[in-house]
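Structural characterization, general
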Amino acid sequence: MATPASSTAAQLDEALFTFLLRMGDNTLVLGHRVSEWCGHAPVLEEDIALANTALDLIGQTQMWLGLAADVEGQGRSADDLAMLRDVWDFRNLLLVEQPNGDFGQTIMRQYLFDQFHLLLLRALQDSADDRIAGIAAKAVKEVGYHVERSAETVIGLGDGTEESHGRMQAALDWLSPYVGEMFVSDEIDAEMATRGIVPDPASLRAPYDAALAEVLAKATLSRHEGDFAHQGGKTGFRHSEHLGHMLTQMQWLQRAYPGAAW
Amino acid sequence: MSDAKTEWPLWEVFIRGQHGLSHRHVGSLHAPDAEMAIKNARDVYTRRNEGVSIWVVEATQITASSPSDKGPLYEPSESKVYRHPTFFDIPKDVGAM
């Protein structure tokens, strides 16, 4: 609705739109995953902390997908993008759609994403696109807390009891193959980087690995050698089977009662 | 749940609502250490923008007066009205105190 009716699909800034979907879909899918813990977390304090994190991520989703909808200019809203697209139109990383598993797996997934998210948002504060820099400036404060909390919990549980250590190591082993996708650059990343809007994701790899190594060392956890990476989430080429199941939960209300609002 | 070793210690949480006010006791929570207690307090007690500063104290570190000592501790002051500063005329120039 923001752009004149004369705007055509041909004028769509495809690369920018896709980048914004990637940002918004990451926060939407992870936000929904984390919200699945609401009422189920091991202790009250973690339950509320996870709910806060989920709400932060959903709030960021409103900004990213809201901007995506504006850029698209087809009259769709952030809600339309979130609730009325199907699996193949999502552009989130495979990492964030992975099931919650046990609490350790949830926290490990959170830390692995939070660390990347923080580095990316810090860089996006200097984006040539003021709208993106603005969203990043707001989100980076929330994510700074997310990573502080998830890192400390990874350390606490990793360097904890025999059982918590075992669970955290298993979570790390399970999720490690999903780390690489965050740093794979494609033609959209290349175009965004050339235009000064977004950093090349590959440039975040070194600081990420350094931060991760420090946390894992304190957590007495070890990462297997090898850089195999599952891919296909951010390009939409091949999501894991988990995303479709998640969307049936997340989207059922809008699907069953189109346009329902409260 | 009766095994004490599986429970995190209890922490009492104090929050200062705004600059210039003192910290007030707002409740308690469980956490494995002081740093996590601060984080948990942030998540449990300041999610509606309630505070600018948090103190946490492990509950076992607090020494409390005993309710059974109420008589000797407090009753002697009940009859000493002269300890209230209400017997002085405050000059008008002083204004509101």
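The notes below deal with the structure included here. (Residues numbered from 1 in each chain as written. Chains lettered and ligands numbered in written order. Predicted model: local features only at pLDDT ≥ 70, side-chain atom pairs only at ≥ 80, totals over all residues.)

1. Some thoughts on the packing of helix α5 (residues 103–124) of chain A against helix α6 (residues 130–158) of chain A
For any two helices packed against each other, the geometry is given by the interaxial angle and the distance between the axes. Residues and elements named next belong to chain A. In plain terms, the rule: Fitting a line to C-alpha atoms yields each axis, with helices limited to the stretch in contact; the angle taken between N-to-C directions then spans 0 to 180 degrees. Helical segments are the DSSP runs of H or I of at least four residues, strand segments are the runs of E of at least two, and each set is numbered from the N terminus. The sense of a crossing depends on the near helix, which, turned anticlockwise from the far helix by less than a right angle, makes the crossing left-handed and, turned clockwise, makes it right-handed. Amino acids are sorted into nonpolar (Ala, Val, Leu, Ile, Met, Phe, Trp, Tyr, Cys and Pro), charged (Asp, Glu, Lys and Arg) and polar (every other residue, Gly among them).
Their axes nearest at 7 Å, the elements α5 and α6 cross at an angle of 145 degrees. Handedness of the α5/α6 crossing: left-handed. Class assignment for the residues of the contact of α5 with α6 results in 16 nonpolar, eight polar and two charged.

2. Describing the sheet that holds strand β1 (residues 10–16) of chain B
All names here are of chain B. Our working rule: When DSSP finds two or more bridges between two strands, those strands count as paired. Here the contact rule is simple: place C-beta atoms from the backbone, and any two residues whose C-beta atoms are within 7 Å are in contact.
Sheet architecture is open: three strands sit in the order β2-β1-β3, paired in antiparallel fashion. Looking at the sheet topology across the chains shown, the edges are occupied by β2 (24–30) and β3 (53–58). Mean inter-strand twist for the sheet, computed between neighbouring axes without regard to direction, equals 30 degrees. Set on the sheet, helix α1 (residues 34–45) makes contact with β1, β2 and β3; between it and β3 the angle comes to about 125 degrees.

3. Section: the environment of A:Ala213
Summarising the element assignment, A:Ala213 is placed in helix α9 (residues 205–218). Through-space distance from the C-alpha of A:Ala213 to that of A:Arg223 is 8.6 Å; in sequence the pair is ten residues apart.

4. Overview of the interface of chain A and chain B
At the junction of the two partners, chain A supplies eight residues and chain B supplies eleven residues. Elements supplying a minimum of two residues to the side of chain A that touches chain B: α2 (44–72) and α6 of chain A. In the side of chain A that touches chain B, the residues fall into three nonpolar, two polar and three charged.

5. Observations concerning the pairing of β1(B)
All names here are of chain B. This is how the line gets drawn: Exposure classes come from backbone-placed C-beta atoms, where a residue is buried if 20 or more other C-beta atoms lie within 10 Å of its own, exposed if 12 or fewer do, and partly exposed in between.
Only one face of β1 is covered, namely the one carrying Trp 11, Val 13 and Ile 15; the face carrying Leu 10, Glu 12, Phe 14 and Arg 16 has none of its residues buried. As paired strands, β1 and β2 are joined by six bridges and run antiparallel to one another. If you follow Ile 15 over to β2, its bridge partner there is Arg 24. Bridge count for β1 against β3 is six bridges, and the pairing is antiparallel.

6. Examining the nonpolar core
Using the following cut-off: To define a nonpolar core, we join buried Ala, Val, Leu, Ile, Met, Phe, Trp, Tyr and Cys residues through C-beta atoms within 7 Å and take the resulting set.
Of all hydrophobic cores here, the largest spans 66 residues; its most connected members are A:Leu20, A:Trp64, A:Ala68, A:Met108, A:Val154 and A:Met168. When residues of this core are assigned to their parent elements, the largest contribution, twelve residues, is made by α5(A). Setting aside residues up to four positions removed in sequence, A:Met108 forms contacts with A:Val154, A:Met168, A:Ala171, A:Leu172 and A:Leu175. Of all hydrophobic cores here, the second largest spans eleven residues; its members include B:Trp11, B:Ala37, B:Ala41 and B:Val56.

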